[in-house]
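Coordinate analysis (summary)
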Amino acid sequence: VKPELEDLANHGAMTGWFVKRTGLLLLLLCAQAYALNQSFCPAWKLLSPVQAKCPLFRNGTSNLEAIIEQELAGQELATRAIRKALAKMFREYDEAVLNVGVKEMVMAFPYSLDIMLTNPIAQKTVGDIGTKPLFMHFSGPTGVGKSLCTDIIARAMFSGVNAEHRRCGHLYIMLTEFAAATDRDFPEIQKKLNATIVSQLHHCPRSLLVFDEIQNIPEDLLDALLEIFYGRNSIVASQAVLIMVSDLGHNKLAPGMTRPEATQAIQAAAEKSFLRVNKHVLLDNIVPFLPLAREDLQQVAELELRKLQRSLAKEYLGLWNGKLTWKKQVTEWIAGSCMTDGTYAADGGRGVRTYINHHVFALAEQELLSECAKESGLSYNNVDLRLHASGGPLIAFIDTVVGHDEF
C-alpha cells in the first residue's frame, strides 16, 4: 500500500505544479493580450529608433470625443455615425483577439504578442471576424470638415508621428492625381495602389486608409480600386478602417436634414455619377456632412481664433505675453461676412479659416509689431479684436493692462 500512496502523492504534486504553471501562463497571456497598444512595429522602430513601441491606441474611440469637441464645428449627424461604427469595430476586434485567438496564442507561447499577431495562424483567427474593412463614405460640400474628420480619426487611433512626420497607420491618397488616367493606365495604377495598400497593412493591419476626391476619377478606375477590397481576390483588411471621401450630392444637402434624407440625396447622386461601379459598396455606409449653418460658422471662427492666439504666442515668445481677446459679436460678424463674401462663402468652414489666417492675422500682427517695438521688455498688453463703432469692419488695437491681476 505504501508505494501506491507515494505514487499518488507524487502524481498530486505534479498535477499541482502543472496547474500553477498553466495559471501563470494564462495570466501572462492575458496581460500581453490586454496590452495590444504596446505591440512592436518594425516599421515604426525603423523610422523612430527612440520609440520602439507602436503608437496605436487599443480603442480608437477612447479620445475621439475630446478631439471632436475641440476642433470640429457642427456635424452631429456625421460624428454620431462615426463614433458608433468605430466603437463596434474595435469591440469586435478585441473580442476576437482576447477570446477566439487564445488557442493560437498558447501555441505560440513564449513568443511575444507581436509575433503571435504576425503568425499566419493567429492572423487567420483574428480574421474570422471578416475579411473586409470597416467602410465609410464621407460625402458633403467643400469646407464642412470631411478631411479634418479623417485626420481627427487618425489622431484618435495613433498617439504620435514617426520620423517622417506621418502617423504610422494613416495612409492618405488624393485621387485627383489619377483624374486624367486612361484605360491603358488602369492596370498599372491598380497594381501601384494594391502594392501600397498591401505594404501599409503588412506594417499595420489596423491602418486608417483614406481615399479622397473619388468623384474625380474615371468610373473604371474606381471599380479597380474597390476590387482591391471587395473583388474575388481581395486582400484581407478586416482590422482596417477604409474611408472614401467625395462631394456627391452636395448641392442637394441642407442644414438641419435628417440622416435618412441626406443619405437618400447622396445615394441618388452616386447612382447618377457611377453607372457601372460596385455601387452597393459606396452606398452601404454613407456618412453625410451637411452644409454649415451660421451658428456652425461662428463656432469655426471661435476655434480658429483660439488657434491664432496660440500661433501668435509662439511666434512672439519672449516679446509678448498678452492675449488675443474678442467678444461674441466678433465671431458673429466673421461668420456673417464669410457667408456673404463670394471669396469665402463657397469654402464653408475653410473659408472662415482662410479669412482669419490672412485678414485677422494681419490686423493682430500689425498691432503686435508696433507694441513690441516700443516696449523695452516683455509686453503683457492684450490685442483686442472689436467691431468699428459703425458695426464693421473688424479692427484690432492694444488693450493696455493696468493692474498686475489682469494677466
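Coordinates for the structure precede this section.
Structure report, in brief. The shown structure was predicted, so the numbers you read here are calculated from the model rather than taken from an experiment. (Residues numbered from 1 in each chain as written. Predicted model: local features only at pLDDT ≥ 70, side-chain atom pairs only at ≥ 80, totals over all residues. Heavy atoms only, no water.)

**Regarding the overall build of the protein**
- Secondary structure assignment for the protein yields 16 helices and 8 strands.
- Expressed as a percentage of the 407 residues in the protein, the buried residues total 46%.
- Within the protein, contacts between residues separated by at least 24 positions form 74% of all contacts whose residues are at least 6 apart in sequence.
- Per element, the accessible surface of the protein, about 21,500 Å² overall, is 56% carbon and sulfur. (Helix = DSSP H or I, 4+ residues; strand = E, 2+ residues; numbered from the N terminus. Buried < 20%, exposed > 50% of the residue type's maximum accessible area, 1.4 Å probe, protein only. Contact = heavy atoms within 4.5 Å. Areas by Shrake-Rupley, 256 points an atom, 1.4 Å probe, with all protein chains shown as cover.)

**Some details on the packing of helix α14 (residues 328-340) against helix α16 (residues 348-374)**
- Where α14 contacts α16, the axes come no closer than 10 Å and their chain directions differ by 115°. Viewed along their axes, α14 and α16 adopt a mutual orientation that is roughly perpendicular. The hand of the α14/α16 crossing is right-handed. Two secondary-structure elements touch here, α14 through W333, I334 and C338 and α16 through G351, V352, Y355, I356 and V360.
- A per-class count over the contact of α14 with α16 returns 7 nonpolar, 1 polar and no charged. (Axes fitted to C-alpha atoms, helices over the stretch in contact; angles between N-to-C directions. Parallel < 35°, antiparallel > 145°, perpendicular 65-115°, else oblique. Left-handed = near helix turned anticlockwise from the far one by under 90°. Nonpolar A, V, L, I, M, F, W, Y, C, P; charged D, E, K, R; others polar.)

**Regarding the pairing of strand β3 (residues 208-212)**
- Of all 5 residues in β3, 5 are buried, a share of seventy percent or more.
- Both faces of β3 are covered, namely the face carrying L208, V210 and D212 and the face carrying L209 and F211.
- Both strand β2 (residues 170-174) and β3 contribute to a ladder of 5 bridges, which runs parallel. Opposite H170, over in β3, you have L208 as the bridge partner.
- With helix α9 (residues 186-203) bridging β2 and its parallel neighbour β3, the resulting β-α-β unit is right-handed.
- Direction of pairing for β3 relative to strand β4 (residues 241-246): parallel, over a ladder of 4 bridges. Directly across from L209, in β4, lies its bridge partner L242.
- Between the parallel pair β3 and β4, the chain is carried across by helix α10 (residues 219-230), and the sense of this crossover is right-handed. (Pairing = 2+ DSSP bridges. Right-handed = clockwise from strand over helix to strand, strands pointing away.)

**Structural notes on the pattern of salt bridges**
- On inspection of all chains with the given rule, the structure shows 7 salt bridges.
- Taking the shortest distance from any N to any O, the salt bridge between R386 and D384 comes out at 2.5 Å.
- Judged by relative accessible area, R386 falls into the partly exposed class, the value being 39%.
- One salt-bridge network, held together by shared partners, links E71, D151 and R155. (Salt bridge = Lys/Arg side-chain N within 4 Å of Asp/Glu carboxyl O.)

**Description of unusual backbone geometry**
- Phi at Q75 takes a positive value of approximately 60°, unusual for a residue other than glycine.
- With respect to the helices and strands, the residue Q75 is situated in the loop between α3 (64-71) and α4 (76-100).
- When its relative accessible area of 5% is taken as the criterion, Q75 is described as buried.
- A positive phi angle, close to 65°, is found at E213, a residue other than glycine.
- Topologically, E213 is positioned in the loop between β3 and α10.

**A look at the sheet that holds strand β5 (residues 286-288)**
- A sheet is described by the order of its strands in space; here 5 strands give the open sequence β2-β3-β4-β1-β5, paired in parallel fashion. Every other strand in the sheet has two partners, leaving β2 and β5 as the edge strands with one partner each. With strand direction ignored, the average angle separating the axes of adjacent strands in the sheet is 20°.
- Sitting on the sheet, α9 is in contact with β2 and β3, with an inclination near 165° to β2.

**Comments concerning the sheet that holds strand β7 (residues 382-387)**
- Strand order in the open sheet formed by 3 strands is β6-β7-β8, with mixed pairing between adjacent strands. Edge positions in the open sheet fall to β6 (324-325) and β8 (394-399), since each of these has one partner strand only.
- The sheet contact formed by β6 and β7 spans 2 bridges and is parallel. Looking at the pairing, L324 lines up with V383 of β7.
- Along the sheet, α16 contacts β6, β7 and β8; its crossing angle with β8, the most-contacted strand, is approximately 30°.

**Let's talk about helix α11 (residues 259-273)**
- The first and last C-alpha atoms of α11 sit 21 Å apart over 15 residues, in line with the 21 Å expected at 1.5 Å per residue.
- What α11 keeps buried is the set A262, T263, A265, I266, A269 and A270. Down the axis of α11, the buried set is contained in an arc of 160°. They therefore lie on one face. Opposite the buried face of α11, by more than 90 degrees, sit the exposed residues P260, Q264 and K272. (Expected span 1.5 Å × (residues − 1). Arc of directions from axis to C-beta.)

**Here's the deal with the pairing of β8**
- Here 6 bridges tie β7 to β8, and the two strands are oriented antiparallel to one another. Directly across from L385, in β8, lies its bridge partner A396.
- Joining the antiparallel neighbours β7 and β8 is a turn of 6 residues, in which G391 adopts a positive phi near 105°.

**What about the environment of N285?**
- Among the structural elements, N285 can be located in the loop between α12 (279-284) and β5.
- Separated by 151 residues in sequence, N285 and L134 place their C-alpha atoms 9.2 Å apart.
- Setting aside anything within four residues of it in sequence, one finds N285 in contact with A85, F135, M136, H137 and R259.
- Polar side-chain contacts of N285 include one of 3.4 Å to the side chain of R259. (Polar contact = N/O pair within 3.5 Å; in protein donor to acceptor, adjacent residues only side chain to side chain.)

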